[in-house]
Amino acid sequence: GIEFIHSYVFNKVENIRFNSTVGRYVGYTELGVKNAEAWNKGPQLGQEQAELERFCKPNAALHYR
């Protein structure tokens, strides 16, 4: 399967990450945890999942032919 990871980094510190295997955002700092909670309830989560379908899966299929 395909795993899509989208990390948000500030000053070389990963604050939050979307992981398609987990299916949600996970926060790694105090601010990241707060953002993850909000983003998991908002439109951002659907946008990340759509990106997996729109971009990742078609390109992976081309790459692994």
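What counts and what doesn't
- Along every chain, residues carry numbers that run from 1 in the direction the sequence is written.
- In view of the model being predicted, local features appear only for residues whose pLDDT reaches at least 70, and side-chain atom pairs are presented and counted only at 80 or more, with totals across whole chains, interfaces and linings using the full set of residues.
- Each side-chain value is worked out from all heavy atoms of the structure, with water and hydrogens disregarded.
- Nonpolar core, defined: a set of buried Ala, Val, Leu, Ile, Met, Phe, Trp, Tyr and Cys residues in which side-chain atoms within 4.5 Å join the residues together.
- When accessible area is computed with a 1.4 Å probe and restricted to protein chains, residues below 20% of their type maximum are described as buried, those above 50% as exposed, and intermediate ones as partly exposed.
- Put simply, DSSP H or I for four residues or longer makes a helix, DSSP E for two residues or longer makes a strand, and each gets a number counted from the N terminus.
- Should any heavy atoms of two residues lie within 4.5 Å, those residues are considered in contact.
- Think of it this way: DSSP has to see at least two bridges between two strands before they count as a pair.
- Structural elements are reduced to axes, namely lines fitted to C-alpha atoms, with helices fitted over the stretch in contact, and the angle between N-to-C directions of any two is expressed from 0 to 180 degrees.

The name recorded for the chain in an unreviewed UniProt entry is MHC class II antigen beta-1, from Oncorhynchus tshawytscha.

Participant: Would you take a moment to explain the nonpolar core for this structure?
Facilitator: A general trend in soluble globular proteins is that nonpolar side chains are found buried together. Ranked by size, the top nonpolar core spans 9 residues in total: F4, I16, F18, Y25, A36, W39, L45, L52 and C56. The set of elements that each furnish at least two residues to this core consists of β2 (13-19), α1 (30-41) and α2 (43-63). Beyond its immediate stretch of four places on either side in the chain, Y25 contacts Y8, I16, R17, F18, A36, W39, N40, Q44, L45 and E48.

Participant: What am I meant to see in the sheet that holds strand β3 (residues 24-27) here?
Facilitator: In sheet architecture, strand pairing relies on hydrogen bonds along the backbone and comes in two forms, parallel and antiparallel. With respect to topology, 3 strands assemble into an open sheet ordered β1-β2-β3, the strand pairing being antiparallel. The open sheet has two edge strands with one neighbour each: β1 (5-10) and β3. Taking the axes of each pair of neighbouring strands and ignoring which way they run, one obtains an average angle of 20 degrees across the sheet. Note that β1 and β2 share 6 bridges and pair antiparallel. The residue of β2 that forms the bridge with H6 is F18. α1 rests against β1, β2 and β3 of the sheet, and its axis sits at about 165 degrees to β3. Set on the sheet, α2 makes contact with β1, β2 and β3; between it and β3 the angle comes to about 115 degrees.

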